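Okay, here's what each chain looks like letter by letter:
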Amino acid sequence: AKRQGRNNYQFYSSDLSQTTIERIDIERSLRRALKNDEFLLHYQPQINLEADRIVGVEALLRWNRNHCEMIPPDRFISIAEDSGCIVEMGEWVLLTAFKDAVQWNSGREHPITVAINLSSRQFIHNNLFASIKRLIKKTGCNPAWITLEITESLLLNDSAHIRNTLKNLDKMGFRISLDDFGTGYSALSYLNKFPVSEIKIDQSFVQGIASNNDHRLLVQAIISMAKSLNKELVAEGVETAAQAKYLLGYDCKVVQGYLFSKPKPFDDIDLQAAWTSAL
Ligand code: C2E
Ligand code: CA
Ligand code: CA
Ligand code: CA
């Protein structure tokens, strides 16, 4: 019995320790990554299909670990959140995206908005509003050029601190977008309690449009709800022309996805391009 117990223990322990070791390893190298300049932002275009032009981009964090290995966000964001590193990384993302927004928009007739993902952990850190204000001052970025993406879970606690932070950001001119809409708890009551100006239809629903009748109905319901609440809409994860046409048919004009472009470095974003020839 003892031997069997020991074998079991070893089996589970090597399984466990592998994930634990990977987490510890990632956490340790994350702490060096900022100093070593290992992060970069890629940007994914958001297209207004009716106007046939780019109206925004979403900033997506990339980690080039030791300048030789690209680690996808799914492997390090949650570790950065648990360890608290996300606060400093998030400030780097804000600073870099603000600078890039200034480069893109100075002297432009139709400014493009730069969407930035915020983790709930950055809100719990008291000074989010203060540091955003400082970074705006430092870069000369116009808050109207920036969309801050949050997730439903942030609004669920309904804390005064979060409500005030969002209210202050809204007053300063930022747009607030609700990311991954439909995947969370979807208590619709909070939509008008917080200064949310846009909702992003989650890619799982968009990708189910052709195959899943429930997803089709959900997409319709989200679109008509957004309209009646006067929220702007973006559909993400658009991969096929059929999905784009369906969305446009229900008057969801702004789309983002591999059909149009993968996330790309700043220099590869073409603000003059036309897009709807793909349809
Ligand atoms: P998200 O905010 O929902 O971002 C959309 C993800 O879908 C991105 O993955 C994007 O590359 C991917 N995507 C875009 N179009 C398509 C498509 O047509 N098909 C498919 N299958 N995927 C598509 P990515 O870049 O790997 O980022 C994953 C997640 O990591 C993001 O999900 C976001 O939650 C988080 N993340 C990324 N950058 C940041 C950041 O700067 N800060 C924070 N806090 N989180 C970030
Ligand atoms: Ca997002
Ligand atoms: Ca999303
Ligand atoms: Ca997400």
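Right above here is the structure, for reference.
A quick note: this is a predicted structure, and the numbers were derived from the prediction, not measured. (Residues numbered from 1 in each chain as written. Chains lettered and ligands numbered in written order. Predicted model: local features only at pLDDT ≥ 70, side-chain atom pairs only at ≥ 80, totals over all residues. Heavy atoms only, no water.)

1. Some points on the overall build of the chain
Step number 1: For the chain, the helix and strand inventory stands at ten helices and nine strands.
Step number 2: The C-alpha atoms of the chain give 21 Å as radius of gyration, which agrees with the globular expectation for 279 residues (19 Å, within 12%).
Step number 3: Along the longest, intermediate and shortest principal axes, the C-alpha atoms of the chain span 70 × 50 × 40 Å.
Step number 4: Going through the 279 residues of the chain one by one, you find that 45% of them count as buried.
Step number 5: Considering only residue pairs separated by 6 or more positions, the chain has 69% of its internal contacts joining residues 24 or more positions apart.
Step number 6: Of the roughly 14,200 Å² of accessible surface on the chain, a fraction of 49% belongs to carbon and sulfur atoms.
Step number 7: Distance from the positive charge centre (32 side chains) to the negative charge centre (33 side chains) of the chain: 6 Å. (Helix = DSSP H or I, 4+ residues; strand = E, 2+ residues; numbered from the N terminus. Rg over C-alpha atoms; globule rule 2.2 N^0.38 Å. Buried < 20%, exposed > 50% of the residue type's maximum accessible area, 1.4 Å probe, protein only. Contact = heavy atoms within 4.5 Å. Areas by Shrake-Rupley, 256 points an atom, 1.4 Å probe, with all protein chains shown as cover. Lys, Arg positive; Asp, Glu negative; His and termini not counted. Charge placed at Lys NZ, Arg CZ, Asp CG, Glu CD.)

2. Details of the site of ligand 1
Step number 1: Looking at ligand 1, there are 22 residues lining it, with Q44, R62, Q203, E239 and Y258 nearest.
Step number 2: At a separation of 3.2 Å, an oxygen atom of ligand 1 approaches a polar side-chain atom of E58.
Step number 3: One of the side-chain N or O atoms of Q203 is found 2.8 Å from an oxygen atom in ligand 1.
Step number 4: Summarising the interface, the protein chains cover 82% of the accessible area of ligand 1, which totals 800 Å² for the free molecule.
Step number 5: Here ligand 1 occupies the largest pocket. (Near = heavy atom within 4 Å. Polar contact = N/O pair within 3.5 Å; in protein donor to acceptor, adjacent residues only side chain to side chain. 1 Å grid on protein atoms, 1.4 Å probe; cavity = no way out; pocket = protein on both sides within 12 Å on 5 of 7 lines; lining within 4 Å. Sits in = over half its atoms within 2 Å of the grid points.)

3. Digging into the pairing of strand β5 (residues 146–151)
Step number 1: With five of six residues buried, β5 is to be regarded as a mostly interior element.
Step number 2: Pairing of strand β4 (residues 113–117) with β5 involves four bridges; the strand directions are parallel. Note on β5: the bridge partner recorded for A115 is T147.
Step number 3: Where β5 lies against strand β6 (residues 175–181), five bridges are found, and the strand directions are parallel. Considered in β6, the bridge of E149 is made with S177. (Pairing = 2+ DSSP bridges.)

4. Some words on the coordination of the calcium ion (ligand 2)
Step number 1: The protein atoms donating to the calcium ion (ligand 2) are E58 (OE), N117 (OD1), E149 (OE) and D179 (OD), with metal-donor distances spanning 2.1 to 2.3 Å.
Step number 2: Going along the chain, you hit the donors of the calcium ion (ligand 2) in the pattern E-x58-N-x31-E-x29-D.
Step number 3: In this structure, the calcium ion (ligand 2) is positioned 3.9 Å from the calcium ion (ligand 3), and both are ligated by D179. Taken together, the positions of E58 in strand β2 (residues 53–65) and D179 in strand β6 put the pair 121 residues apart, joining distant regions of the chain. Each member of the pair, E58 together with D179, is buried. (Donors = N, O, S within 2.8 Å, 3.2 Å for Na, K, Ca; no water.)

5. Quick notes on empty space enclosed by the protein
Step number 1: Counting across every chain of the model gives one cavity of 30 Å³ or more.
Step number 2: Here the largest cavity defines a volume of roughly 50 Å³.
Step number 3: Considering the residues around the largest cavity, the lining is formed by V87, G90, E91, L94, Q122, H125, L128 and S131.
Step number 4: Sorting the residues of the lining of the largest cavity by element identifies α3 (86–105) and α5 (128–139) as the ones contributing at least two each.
Step number 5: Ranked by the residues each element gives to the lining of the largest cavity, the list is headed by α3, at four residues.
Step number 6: Taken together, the residues of the lining of the largest cavity sort by class into three nonpolar, four polar and one charged. (Points joined across faces, edges and corners; volume = space filled by probe spheres on them. Nonpolar A, V, L, I, M, F, W, Y, C, P; charged D, E, K, R; others polar.)

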